[in-house]
Amino acid sequence: MFKIKKKAEKPKPVVLYNIVEDYSEFDAPGNVTVCAMTLTEDLAAHAKILAESYDVPLERMTILLTEGGLHVYPQTGGILTRGLFACLVDPNHMAPKRTFVLDLLQFAEAEQLARARGIPLNEAATQVFHRTLPEELQAKLERKNLGLDYRTLDRSVAKGGDIKYIDFRKDWSPHFKRLCIMPDGRLVETGGLDEFARLHGITITQAKMLVEQGGTLDVQDEVLACQIVNGQPAVARFSAANYAKAKELAAARSLHLMDALSEVAYNDPAMMRGLARKALAQRS
């Protein structure tokens, strides 16, 4: 008899978040993406992703996600160049686990606050972080489950019950999507640098440099343009024709190429079509 071989099932992708709210349009350092989960935490996967995202040793991240605490980044060449990573765990399980990062200035402010008031650094860090957040988000964090109406949530999200953890993220993560305006006006979502690089046929190194530093990158006859707005990358890809228009405009009016590209985009009905539809959907 012939044995029928079953195809090996592909491993299901790890789902870390099923609620995502974008606050990236607010002024830094309060510009965050709220990534929350109602289902049971996959601690190993959660620790692995956050360890990679924030350059924290995996073992240390696992302890932080289990017990809570702070990871203060070490000095580089005798100089402190990064702030801290924090994980808040409520021992009574009345509030969801929360993780966030303080930049160098926020870290210095937290240290000063801790010394001035004689409070633990983790308490000071939490106060500094929360006061920078948009008022709308501050209000939501005071309410259970961010004040969400579970009657309107997707059943797969609502069935998990209360929110188990919230990661306040700023990085270009594979676990939530960011949009790129394409030459024909489509808004294409990509999650993470790998997917973004594949979409545009560029290397991961090129993708990382573009979304972290902004600027332009020639891609065949077209160009990718990235502006850093409130610490967040906004990306658009321009056709060869629009790229040529922008270069002519920049030369004729002594404009920076990025400003010329923005003007060309705003005057191109096709490129604006996707954004217009998105704006209408948000208002409806």
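The present account deals with the structure reproduced in this document. Because the structure is a prediction, the values reported are computed rather than measured.

The rules we used
Residues numbered from 1 in each chain as written. Predicted model: local features only at pLDDT ≥ 70, side-chain atom pairs only at ≥ 80, totals over all residues. Heavy atoms only, no water. Helix = DSSP H or I, 4+ residues; strand = E, 2+ residues; numbered from the N terminus. Buried < 20%, exposed > 50% of the residue type's maximum accessible area, 1.4 Å probe, protein only. Contact = heavy atoms within 4.5 Å. Areas by Shrake-Rupley, 256 points an atom, 1.4 Å probe, with all protein chains shown as cover. Pairing = 2+ DSSP bridges. Axes fitted to C-alpha atoms, helices over the stretch in contact; angles between N-to-C directions. Expected span 1.5 Å × (residues − 1). Salt bridge = Lys/Arg side-chain N within 4 Å of Asp/Glu carboxyl O. Phe/Tyr/Trp six-rings, centres within 6.5 Å; stacked < 30°, edge-to-face > 60°. Core = buried A, V, L, I, M, F, W, Y, C linked by side-chain atoms within 4.5 Å. Parallel < 35°, antiparallel > 145°, perpendicular 65-115°, else oblique. Nonpolar A, V, L, I, M, F, W, Y, C, P; charged D, E, K, R; others polar.

## Side note on the overall build of the chain
Okay, step 1: Summing up its helical and strand segments, the chain has eleven helices and eleven strands in all.
Okay, step 2: Residues counted as buried form 40% of the 284 residues belonging to the chain.
Okay, step 3: A sequence separation of at least 24 residues applies to 44% of the contacts in the chain between residues at least 6 apart.
Okay, step 4: Accessible area of the chain: about 16,800 Å², with a carbon and sulfur share of 54%.

## Some thoughts on the sheet that holds strand β5 (residues 97-102)
Okay, step 1: Strand order in this open sheet of six strands is β1-β2-β6-β5-β4-β3, and the pairing throughout is mixed. Here the strands that pair on one side only, and so sit at the sheet edges, are β1 (19-22) and β3 (69-72). The average angle at which neighbouring strand axes cross in this sheet is 15 degrees, direction not considered.
Okay, step 2: Sheet strands in contact with helix α1 (residues 43-54) are β4 (84-88), β5 and β6 (165-169), and its direction is about 15 degrees off that of β6.
Okay, step 3: Across the face of the sheet, helix α2 (residues 58-67) comes into contact with β3, β4 and β5 while running at roughly 150 degrees to β3.

## Considering α1
Okay, step 1: Given a rise of 1.5 Å per residue, twelve residues ought to cover 16 Å, and the 16 Å separating the end C-alpha atoms of α1 matches this to within 8%.
Okay, step 2: Within the span of α1, buried status applies to Ala 45, His 46, Ala 47, Ile 49, Leu 50, Ala 51 and Tyr 54.
Okay, step 3: Positive phi shows up at Asp 55, right after α1, with a value of about 55 degrees.

## Some details on the pattern of salt bridges
Okay, step 1: Evaluated as defined, the whole model comprises eleven salt bridges.
Okay, step 2: With a closest N to O distance of 3.9 Å, Lys 140 and Glu 136 form a salt bridge. With Lys 140 and Glu 136 both in helix α5 (residues 135-141) and four residues apart, this pair spans about one turn of that helix.
Okay, step 3: Of the charged contacts, one joins Asp 149 and Arg 151 as a salt bridge, the two residues approaching to 3.0 Å between their closest N and O atoms.

## What about the packing of aromatic side chains?
Okay, step 1: This structure, assessed with the given rule, holds five aromatic pairs.
Okay, step 2: When the centroid spacing of 6.1 Å and the interplanar angle of 35 degrees are considered together, the rings of Tyr 23 and Phe 26 count as tilted.
Okay, step 3: Classification of Tyr 23 by relative accessible area gives buried; the value is 4%.
Okay, step 4: Looking at Phe 26, the relative accessible area reads 35%, which means it is partly exposed.
Okay, step 5: By way of ring pairs, the aromatic residues Phe 100, Phe 129 and Phe 168 are connected into one cluster.

## A word on the nonpolar core
Okay, step 1: Membership of the largest hydrophobic core comes to 27 residues, with the highest contact counts inside it found for Val 34, Leu 137, Ile 166 and Phe 168.
Okay, step 2: Residue assignment for this core shows that the elements contributing at least two residues are β2 (33-37), β4, β5, α3 (104-117), α4 (121-132), α5 and β6.
Okay, step 3: Discounting chain neighbours no more than four positions away, the residues touching Val 34 are Ile 19, Val 20, Glu 21, Tyr 23, Leu 137, Leu 146, Ile 166, Asp 167 and Phe 168.
Okay, step 4: Formed by 18 residues, the second largest nonpolar core is a distinct cluster that contains Leu 16, Met 37, Ile 49 and Phe 85.

## So, the packing of helix α7 (residues 192-200) against helix α8 (residues 204-213)
Each packed pair of helices is defined by two parameters, the angle between the axes and the distance between the axes.
Okay, step 1: Running from N to C, α7 and α8 point in directions that differ by 105 degrees, and their axes come no closer than 9 Å. Viewed along their axes, α7 and α8 adopt a mutual orientation that is roughly perpendicular. Residues Leu 193, Asp 194, Phe 196 and Ala 197 of α7 touch α8, and the partners they reach there are Ile 204, Ala 207, Lys 208, Leu 210 and Val 211.
Okay, step 2: Taken together, the residues of the contact of α7 with α8 sort by class into seven nonpolar, no polar and two charged.

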